[in-house]
Amino acid sequence: MKKIQLKARIIANKKVSSSHYRLILEQKDILRKARPGQFVHVRVNEGLDPYFRRPFSISRAQEHLELLYAVVGRGTEILSRKKAGDELDLLGPLGNHFCMPPKGTRNVVMIAGAIGIAPFFMLSDYLRDKNYELTLLYGAKTKTQILPMRSLKDNGCRVYIATDDGTQGIKGRVSELYAKIPIDTQKTFIYACGPKPMIDSVLAFAHPNHLKGQVSAEEIMACGIGVCLGCATKTKTGYKTVCKDGPVFDLNEF
Amino acid sequence: MDLSVKIGKVRFENPVTVASGTFGYLEKYHDAKMIKKLGAITPKTITLKAQEGNPAPRIVETPAGMVNAIGIQNLGVDAFIEQQLPVYAKLKVPVIVSVSGKSAEEFILLASKLNHAGVAAIELNLSCPNLGKKTLIAQDAKATEAVVKAVKKMARVPIIAKLTPNVTDISLMAKAAENAGADAVSMINTFSAMVIDVNTLRPKLGNFTGGLSGPAITPVALHMVYQTAQRVKIPVIAMGGISNADDALQFLIAGATMVAVGTASFLNPQAPYEVLEGIQRYMKEKEIKDIQAVIDSLIKE
Ligand SMILES: Cc1cc2nc3c(=O)[nH]c(=O)nc-3n(C[C@H](O)[C@H](O)[C@H](O)COP(=O)(O)OP(=O)(O)OC[C@H]3O[C@@H](n4cnc5c(N)ncnc54)[C@H](O)[C@@H]3O)c2cc1C
Ligand SMILES: Cc1cc2nc3c(=O)[nH]c(=O)nc-3n(C[C@H](O)[C@H](O)[C@H](O)COP(=O)(O)O)c2cc1C
Ligand code: FES
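Once a new chain begins, its residue numbering starts again from 1 and follows that chain's sequence as written. Each chain is given a letter, starting from A, and each ligand a number, starting from 1, according to the order in which they appear as written. pLDDT decides what is reported in this predicted model: residues at 70 or higher carry local features, side-chain atom pairs at 80 or more are listed and counted, and totals for whole chains, interfaces and linings draw on all residues regardless. The side-chain values count all of the structure's non-hydrogen atoms but skip hydrogen atoms and water molecules.

> Run through the interface of chain B and chain A, naming residues and quoting values.
Two residues form a contact once any of their heavy atoms are found within 4.5 Å. Counting residues at the interface gives 36 residues for chain B, matched by 29 residues for chain A. By definition, the buried area sums, over both parts, the 1.4 Å-probe accessible area that each loses when the two are put together. Between chain B and chain A, a total of about 3000 Å² is buried, with carbon and sulfur atoms accounting for 61% of that surface. Summed over the three residues of chain B that lose the most area to chain A, namely Tyr29(B), Glu61(B) and Leu267(B), the buried surface amounts to 27% of that side. The salt bridge criterion pairs a side-chain nitrogen of Lys or Arg with a carboxyl oxygen of Asp or Glu, the two atoms within 4 Å. Along the contact surface separating chain B from chain A lie two salt bridges. Between Glu61(B) and Arg54(A) there is a salt bridge, and its shortest N-O distance comes to 2.9 Å. Polar contact is the term for a pair of N or O atoms within 3.5 Å; when the atoms are in protein, one must be able to donate a hydrogen and the other to accept it, and sequence-neighboring residues count only if both atoms are side-chain atoms. At the boundary of chain B with chain A, the tally comes to seven residue pairs in polar contact (both at pLDDT 80 or more). Working definition: helices are DSSP H or I runs of at least four residues, strands are E runs of at least two. Numbering for both runs from the N terminus. Those elements that place two or more of their residues in the side of chain B that touches chain A are helix H1 (26–29), strand E4 (59–62), strand E5 (65–68) and helix H9 (264–267) of chain B.

> Explain the site of ligand 1 to me, using residue names and the numbers behind them.
All names here are of chain A. Arg-54, Pro-55, Gly-75, Thr-76 and Glu-218 are the nearest of the 20 residues found near ligand 1. In this structure, Gly-73 approaches ligand 1 through a main-chain N or O atom, which is 3.0 Å from an oxygen atom. Between ligand 1 and Gly-75, the relevant distance is 2.6 Å, taken from an oxygen atom to a main-chain nitrogen or oxygen of the residue. Computed with the Shrake-Rupley method and a 1.4 Å probe, the accessible areas treat only the protein chains shown as cover for residues. For ligand 1, the accessible surface in isolation is 820 Å², of which the surrounding protein chains cover 82%. Of all the secondary-structure elements, those providing two or more residues to the shell around ligand 1 are strand E4 (54–57), strand E6 (65–70) and helix H2 (74–80). Gly counts as polar in this scheme, as do all residues outside two lists: the nonpolar Ala, Val, Leu, Ile, Met, Phe, Trp, Tyr, Cys and Pro, and the charged Asp, Glu, Lys and Arg. In terms of residue class, the shell around ligand 1 is built from twelve nonpolar, four polar and four charged. It suffices for a single heavy atom of a residue to lie within 4 Å of a molecule or strand for the residue to be listed as near it.

> Explain the site of ligand 2 to me, using residue names and the numbers behind them.
Near ligand 2 you find 23 residues, and of these Ser20(B), Thr45(B), Gly214(B), Gly241(B) and Thr263(B) are the closest. Those residues lying near ligand 2 are distributed over chains A and B. One nitrogen or oxygen atom from the main chain of Gly241(B) is found 2.6 Å from an oxygen atom belonging to ligand 2. Its free accessible area being 610 Å², ligand 2 has 97% of it covered by the protein chains. Here the shell around ligand 2 is composed, by residue class, of seven nonpolar, 14 polar and two charged.

> Explain the environment of Asn115(B) to me, using residue names and the numbers behind them.
Residues and elements named next belong to chain B. Summarising the element assignment, Asn-115 is placed in the loop between helix H4 (104–114) and strand E7 (121–125). Those residues within four positions of Asn-115 in sequence are excluded, and the remaining contacts are Met-154, Ala-155, Arg-156 and Val-157. Within polar-contact distance, the side chain of Asn-115 engages the backbone oxygen of Met-154 at 2.8 Å.

> Report on the state of the cysteines, specifying residues and quantitative values.
Residues and elements named next belong to chain A. Any pair of cysteine sulfurs within 2.5 Å is marked as a disulfide. Under the definition given, this model contains zero disulfides over all chains. Cysteine Cys-157 remains unbridged, with the sulfur of Cys-193 as its closest cysteine sulfur at 14 Å. On the accessibility criterion, Cys-157 (6% relative accessible area) is buried. For every residue, the accessible area (1.4 Å probe, protein chains only) is compared with the maximum for its type, and the residue is labelled buried under 20%, exposed over 50%, or partly exposed between those bounds.

> Tell me about the sheet that holds strand E16 (residues 248–250) of chain A, residues and numbers included.
All names here are of chain A. Being paired, for any two strands, means DSSP has found at least two bridges between them. Strand order in the open sheet formed by seven strands is E11-E10-E9-E8-E12-E13-E16, with mixed pairing between adjacent strands. Strand pairing shows two members of the sheet lacking a second neighbour, strand E11 (170–171) and E16, which therefore form its edges. Here strand E12 (residues 188–193) pairs with strand E13 (residues 212–216) via five bridges, running parallel. Within the sheet, the bridge partner assigned to Tyr-191 lies in E13 and is Gln-214. Strands in contact with helix H5 (residues 196–206) are strand E8 (107–113), E12 and E13; relative to E12, the strand with the most contacts, it is inclined by about 160°. Between N-to-C directions, angles cover 0 to 180 degrees, with each direction set by a line fitted to C-alpha atoms, over the stretch in contact for helices.

> Break down the side chain of Arg58(B) for me, citing the residues and quoting the values.
Structurally, Arg58(B) is set in the loop between helix H2 (32–35) and E4. We score Asp and Glu as negative and Lys and Arg as positive, and we do not count His or the chain ends. For the buried Arg58(B), no salt bridge exists, and the shortest N-O distance to an oppositely charged side chain is 6.9 Å, to Glu52(B). Not counting the four nearest positions on each side in its chain, Arg58(B) is found in contact with Leu229(A), Gly230(A), Ala232(A), Tyr239(A), Glu52(B), Gly53(B), Val67(B), Asn68(B), Ala69(B), Ile70(B), Gln73(B) and Leu205(B).

> Before we move on, can you summarise the packing of aromatic side chains with the specific residues and values?
In summary, the pairing rule links any two rings of Phe, Tyr or Trp, Trp by its six-membered ring, whose centres are within 6.5 Å, and it sorts them by plane angle into stacked for under 30 degrees, edge-to-face for over 60 and tilted for everything else. Per the stated rule, a full pass over the model turns up eight aromatic pairs over all chains. Ring geometry for Tyr178(A) versus Phe205(A): centroids 5.4 Å apart, planes at 55°, classification tilted. Of this pair, Tyr178(A) sits in the loop between E11 and E12 while Phe205(A) sits in helix H5, placing them 27 residues apart in sequence. Like Tyr178(A), the residue Phe205(A) is buried in the burial classification. By the ring-pair criterion, three or more aromatic residues cluster together here, those being Phe98(A), Phe120(A), Phe189(A) and Tyr191(A). Note on criteria: charge over ring means Lys NZ or Arg CZ within 6 Å of the ring centre, with the direction from the centre no more than 35 degrees off the ring normal. Directly above the aromatic system of Tyr239(A) lies the positively charged group of Arg58(B), at a separation of 4.5 Å from the ring centroid.

> Let's hear about the sheet that holds E5(B): which residues, and what values?
What links the strands of a sheet is backbone hydrogen bonding, and the strands pair in either a parallel or an antiparallel sense. Residues and elements named next belong to chain B. With antiparallel pairing, the four strands of this open sheet are ordered in space as E4-E5-E13-E10. Bordering the open sheet on either side are E4 and strand E10 (191–193), each of which pairs with just one other strand. Recorded for the sheet is a direction-independent mean angle of 35° between the axes of neighbouring strands. Here four bridges tie E4 to E5, and the two strands are oriented antiparallel to one another.

> Just give me the short version of the pattern of salt bridges, but keep the residues and values in it.
All names here are of chain A. The tally for this structure, following the rule as stated, stands at 24 salt bridges over all chains. Put simply, Arg-106 and Glu-133 hold a salt bridge, and the shortest N to O gap is 3.8 Å. A residue pair is termed long-range when its members are at least 10 positions apart, and Arg-106 in the loop between strand E7 (87–94) and E8 and Glu-133 in strand E9 (residues 133–140) qualify at 27 residues. The partner of Asp-164 in a salt bridge is Arg-173, and the shortest N-O contact between them spans 4.0 Å. Residue classification places Arg-173 among the exposed positions, given a relative accessible area of 56%. Overlapping salt bridges, with partners in common, bring together Arg-9, Glu-26 and Lys-28 in one network.

> Now, about the confidence of the model for chain B: what can you tell me, with residues and values included?
The predictor attaches a confidence to each residue, called pLDDT, with possible values from 0 through 100. Here chain B averages 95 in pLDDT, while 98% of its residues score no lower than 70. The complex model carries a pTM of 0.96, and its ipTM stands at 0.94.

This is the structure in structure tokens:
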């Protein structure tokens, strides 16, 4: 293997909201190579159960490699029980990455649904101090599931929140916040990451307004490296693998 | 230590290959030095024309395995010859090219395009609809025989018939392939399978059904390989969840001539190399000089 299957030592695995954990890992090779939008493919257990690795966006890569994950099923539940000092087997960094906004961009709007916020911490580390107006539109179920956003705010990002139950920010879906997106086809660039219905709502807003941007897609993955063709997603130019051709796609590919 | 095996007139340095559809995109993630060590590689099945594959989701995880319905997404044979074969040639690893067609004529056309130096052998993926009938070619001994016979007539490289386990007696299908002149059989393809989402009341695969692979199928595959190896004289290339040297050795001991690592590579991309190294270690420890002494060495009384 060309050094993509690597061991990582867990430095910390801490609960950061009612259902999310931050996993801090010692993994120099991935740390050095990682670009915003890329992911790692994590083997959560030795043995054959669960059988697939689990993909997680790289959420930060400063001193250490950081992942943010929601506990939603067996794999993430097992991961949440890992302790500092434990070792994990990772493939990474995998996939393509977010491109930098095109020349002339002033307004960068990141749209996150739930744990889809993960890659935007790293993206904002790249976009800070570059004279962009950074905005995050962030949708979550409820107040207790909102992740701490200090580093995003430190990077100069303005944050608007929507919760399904209205316990923080405005009540409703993140799409209620799209009015904050400056409709300027030359100066606005969008990044979106979240569940499929949210991505659909972003497309439904961006296309008629001719806005440019990129989305990070999700599909169930087996190999994570473009071999099995299991994670294919339909684009305008045919099926593409989310793991190798993506996870980042131009808005107009859908 | 001699690990070499033969399929037809072609000699492979060692018995370890990979299962079609589970190993590829070598240029980016695999070390040329490691790939070269494998006995052969078997890329994903190709068809005459490009195929776009099945709707998502195409895969679902199951206990110790997975169900897939990829739909033989591929670029088509001409693009394969132009873009992929040169990559393998550069890597200097023997290639077993897997092909699939809808009729004997299509198989012949595919084989005629691949009938040249640079292809070590051709594997006929017979798990494809048998035109005009409800069964797959590999579920019909006569159809299997007809396709293999037709291809063998014009082939200049060894012809391998890949069989499906979704039959009453796979060894009968292997026998039909042997009678038609096949140089080897490759077995097993995946088991027909499905998984349902109880919340949506829908199947979890876009294609409704798919094929089960991985360690979950290993003991069944092993029994099928054992039965078949008893029945035919041509070599058996074995696969079915092989994940480590112990698995691979069981198939060799049961009578397989080559072993292929498939689904296991998704969890552990090093699996094919680890299988090879493990077989070498086993032979060294047991002071076995020739792999032939391992093949079909099961004590039966
Ligand atoms: C490129 C990419 C980046 C991701 N980044 C993150 C992240 O940073 N943080 C985070 O919490 N989650 C992320 N996800 C989703 C995460 O992979 C799933 O939540 C996780 O695999 C669920 O595993 P489980 O065993 O807990 O759930 P189960 O529901 O038990 O998993 C069953 C199967 O479905 C797959 N699966 C379930 N949900 C998803 C999903 N949303 N996307 C893809 N596969 C899924 C699992 O991998 C597994 O194969 C990402 C997914 C992709 C494709
Ligand atoms: C994702 C996936 C794709 C596959 N594609 C092909 C294929 O294109 N042609 C083929 O003959 N077999 C294909 N197979 C079947 C494997 O080659 C193999 O026969 C089967 O999976 C059993 O071995 P395993 O359990 O080790 O994977 C595929 C299997 C998987 C899991
Ligand atoms: S997960 Fe195998 S191709 Fe993407």
